[in-house]
Amino acid sequence: ITAAVVGVIANLAVWFALHVLFSNSDLLQFEWRAALIAALAALLLFRMKRSVLEVLAVSAVAGLILGHI
């Protein structure tokens with residue numbers, strides 16, 4: 001993998017994280033629900049070694065539940 005590919009992937013990751021975790025690109029409105037789901041997904045994937053399909057299902061259910069709060 002070249003440095004250009006790594007740079008593009010890193011740029012996309014930062015762009016995606018900023019647009020998911022902060023409402024309307026306003027850095028003062030932190031979306032705690034999205035951060036909670038992302039932390040849960042990372043925990044399930046990396047610590048508990050769950051499959052991507054299981055993590056996706058749990059994240060979808062968590063999004064439905066947290067969307068009603």
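Look up a bit, the structure's there.
Let me sum up the structure you'll find in this document. Predicted model, so just to flag it, every value in this text is computed and none were measured.

Cut-off values and rules
Residues numbered from 1 in each chain as written. Predicted model: local features only at pLDDT ≥ 70, side-chain atom pairs only at ≥ 80, totals over all residues. Heavy atoms only, no water. Helix = DSSP H or I, 4+ residues; strand = E, 2+ residues; numbered from the N terminus. Buried < 20%, exposed > 50% of the residue type's maximum accessible area, 1.4 Å probe, protein only. Contact = heavy atoms within 4.5 Å. Patch = residues over 30% accessible without salt bridge, like charges linked within 9 Å, V, L, I, M, F, W, Y side chains within 5 Å. Areas by Shrake-Rupley, 256 points an atom, 1.4 Å probe, with all protein chains shown as cover. Salt bridge = Lys/Arg side-chain N within 4 Å of Asp/Glu carboxyl O.

Brief notes about the side chain of S59
In this fold, S59 is placed in helix α3 (residues 52–67). When its relative accessible area of 16% is taken as the criterion, S59 is described as buried. Setting aside chain neighbours within four positions, we find S59 in contact with I37 and A41.

Some details on the environment of G63
Tracing the sequence through the fold places G63 in helix α3. Residue classification places G63 among the partly exposed residues on the basis of a relative accessible area of 30%. The sequence separation of G63 and I37 amounts to 26 residues, and the corresponding C-alpha distance is 7.2 Å.

Let's talk about a nonpolar patch on the surface
A grouping of I1, V5, V6 and I9 is seen on the molecular surface, where their side chains present a nonpolar patch of about 430 Å² in accessible area. Counting through the fold element by element, I9 comes out in helix α1 (residues 3–21). Judged by relative accessible area, I9 falls into the exposed class, the value being 52%.

Observations regarding the pattern of salt bridges
Working definition: two side chains of opposite charge can pair if their charged atoms are close together. Applying the stated criterion across every chain, the model contains one salt bridge. Among the ionic pairs, R50 bridges to E54, the shortest N-O distance being 3.8 Å. Its relative accessible area of 42% is what places R50 among the partly exposed residues.

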